[in-house]
Amino acid sequence: MSDVGATGSTPVPAGRVGVSRDRRGSWIPTGGMIATRFMELRKRRGVMVTLILVTVGIPVVFLVIRLLLHAFAPHSYGPAGGYDIFTGLVAGVLYVFGFIVAATLGATAGSVDLTEGMFRHLVVTGRSRLAIYVARIPAGLAIIVPLVAVGFTIVCAVCVFAAPTRLVFNGVNVPVNLSRTGLESWASNHTDEVICNFAFRIGPSSPIAPVVNSVPCGNGPNGGPAIVKQPPGSQGQPQASQGQIKEAASLIAQKDYSDYARQFLYPSDSLMIKSGLWLELEAVIGFVVGLGLGSLIGQRTVAVIIMIVLEVVLTPILSRARIPHLSNLQRAVVGLATAHLAPGGLPVLGGGGGGPGGGAGNPGLLPESTTVAVCVIIAWLVVWTIFGAWRMMTRDA
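Residues numbered from 1 in each chain as written. Predicted model: local features only at pLDDT ≥ 70, side-chain atom pairs only at ≥ 80, totals over all residues. Heavy atoms only, no water.

Trainee: Is there a simple way to explain the overall build of the protein in this structure?
Mentor: When its secondary structure is counted, the protein shows 16 helices and two strands. Taking all 397 residues of the protein together, the buried fraction comes to 41%. Of all intrachain contacts in the protein linking residues separated by at least 6 positions in sequence, the fraction that spans at least 24 positions is 79%. (Helix = DSSP H or I, 4+ residues; strand = E, 2+ residues; numbered from the N terminus. Buried < 20%, exposed > 50% of the residue type's maximum accessible area, 1.4 Å probe, protein only. Contact = heavy atoms within 4.5 Å.)

Trainee: Quick question: what am I supposed to make of helix α16 (residues 370–394) here?
Mentor: Residues spaced three or four apart along an α-helix point in a common direction, a consequence of the helix completing one turn every 3.6 residues. The terminal C-alpha atoms of α16, which comprises 25 residues, lie 36 Å apart, in line with the 36 Å expected from a rise of 1.5 Å per residue. Looking only at α16, the buried set comprises Ala373, Val376, Ile377, Trp380, Trp384, Gly388, Ala389 and Met392. (Expected span 1.5 Å × (residues − 1).)

Trainee: Just checking my understanding: could you explain the nonpolar core for this structure?
Mentor: The tendency in soluble globular proteins is for nonpolar side chains to be buried as a group. Judged by nonpolar contacts, the single largest core of 53 residues is most densely connected at Leu51 and Phe86. Broken down by secondary-structure element, the contributors of at least two residues to this core are α1 (31–42), α2 (45–72), α3 (83–115), α5 (129–134), α6 (136–161), α12 (269–297), α15 (334–340) and α16. With 13 residues, α3 is the single largest residue contributor to this core. Discounting residues that sit within four places of it in the chain, Leu51 has contacts with Val56, Val101, Leu105, Ile143, Ile144 and Leu147. Among the nonpolar cores identified, the runner-up in size contains 27 residues, and Val174, Phe200, Ala209 and Val215 belong to it. (Core = buried A, V, L, I, M, F, W, Y, C linked by side-chain atoms within 4.5 Å.)

Trainee: Mind showing me how you'd approach the pattern of salt bridges here?
Mentor: Oppositely charged side chains can pair when the atoms bearing their charge come close. Tallying each qualifying case throughout the model produces one salt bridge. With a closest N to O distance of 2.8 Å, Arg37 and Glu40 form a salt bridge. A residue pair is termed a helical-turn pair when its members lie 3 or 4 positions apart in one helix, as Arg37 and Glu40 do in helix α1 at three residues. (Salt bridge = Lys/Arg side-chain N within 4 Å of Asp/Glu carboxyl O.)

Trainee: Can you help me understand the packing of α2 against α6 in this one?
Mentor: The description of two packed helices rests on the angle between their axes and on the distance between the axes. Contact geometry of α2 with α6 gives a least axis separation of 9 Å together with a crossing angle of 5 degrees. Here α2 lies roughly parallel to α6, going by the angle between them. Residues Met48, Leu51, Ile52, Thr55, Val56, Pro59, Val60 and Leu63 of α2 touch α6, and the partners they reach there are Ile143, Ile144, Leu147, Val148, Val150, Gly151, Ile154, Val155 and Val158. Taken together, the residues that form the contact of α2 with α6 break down as 15 nonpolar, two polar and no charged. (Axes fitted to C-alpha atoms, helices over the stretch in contact; angles between N-to-C directions. Parallel < 35°, antiparallel > 145°, perpendicular 65-115°, else oblique. Nonpolar A, V, L, I, M, F, W, Y, C, P; charged D, E, K, R; others polar.)

Trainee: Quick question: what am I supposed to make of unusual backbone geometry here?
Mentor: Glycine aside, a negative phi is what most residues show, and trans is what most peptide bonds show. For His325, which is not glycine, the phi torsion reads 65 degrees and is therefore positive. By secondary structure assignment, the location of His325 is in the loop between α13 (300–320) and α14 (327–331).

Trainee: So what exactly am I meant to see when it comes to the confidence of the model for the protein here?
Mentor: One rule of thumb: low pLDDT means the predicted coordinates there are not for detailed reading. Looking at the protein as a whole, its pLDDT mean stands at 80, while 80% of the residues score no less than 70. Scored below 50 in pLDDT, residues 351–361 shows 29 contacts in the model against residues more than four places distant or in partner chains. (pLDDT = per-residue confidence, 0-100.)

Trainee: Would you mind showing me how to read a nonpolar patch on the surface here?
Mentor: On the surface, Ile305, Ile308, Val309, Val312, Val313, Leu314 and Ile317 cluster together into a nonpolar patch covering about 540 Å² of accessible area. Counting through the fold element by element, Ile317 comes out in helix α13. (Patch = residues over 30% accessible without salt bridge, like charges linked within 9 Å, V, L, I, M, F, W, Y side chains within 5 Å. Areas by Shrake-Rupley, 256 points an atom, 1.4 Å probe, with all protein chains shown as cover.)

Trainee: Which parts of the structure should I look at to understand the environment of Gly388?
Mentor: Residue placement: Gly388 occurs in helix α16. Assessed through its relative accessible area of 0%, Gly388 is described here as buried. Residues Gly388 and Tyr133 lie 255 residues apart in sequence; the distance between their C-alpha atoms is 7.8 Å. Apart from residues lying up to four places away in sequence, Gly388 is in contact with Tyr133, Gly292 and Ser295.

Here it is as structure tokens:
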């Protein structure tokens, strides 16, 4: 009779059995948790429709209307694209509304489990509350970042491919990208257009006043701006020589060159890349702050209203007002910090454009260094993440 027991396999220690490690207590969210949060946000049709309409719909409708108007009445309506349209849409629409819709999505992600009564069910699964909160950050950014990118790409495409083919400066067709010397040379060959249409102001004591007054511009709205008025009863100015007229036109072009240098047919590649990254940064800030505020308060409506007031009311006031002894507190506003990081040429918060690559785009803003601005942005992201995660971990289920 054979020994059956001798053929049995050697027992394997229990610790070496292929049992998966329980990671439910880890604060690092798994891919499945992030995907679940993403699907939950994506299925909220009202929020998604609002995001699409604001980030993509508003620029598309505006540009389509301009394209149609220019197509049917090109003499009455200018081209749909161009540098001015780009800066207006980026600084006036995508910058403000992108922050608001990102904050709305963040406040929704931070409070949806409470408002729908799902928070208790998430807690009883044994998952780390911190991991549940952290999972919402990449899930929400996976929604808002592509939407902002799509809207911005459409704006860039139209503003480049439907840009004006000629530069109109003070009502005169002027070549683009001229240097100061080049503009002066051009002005000396187009004296009548420069003297009669360029915006400048001189007094009666100016050495070019007699020359300017000798050029027949009409001294009125239809014949050019009034330059210098003659005193009553004075004799008319003698006719200036052609050399004097060219010299006066060159001097006027020299005075107007700073304004001319800020005129472009379409945005440069560098400006578009920097503006796109800057808009994405603004959306990330809005989402993270909205997420923390929504989690801290426990509801979406109040959090969204607070974020709108911050972006539309408080930030413009605190960024431009000079309040004695509170300047450092004003510099702690995240909107002022992001405005100082804006690419040159964007009229953010009412500032004037400084041209691509220029650093004087917002001379009216409260002064703040780039280092301080970066530190303020990082502080807002970290602090509001801590607040939101702390409330998530201490809230009663």
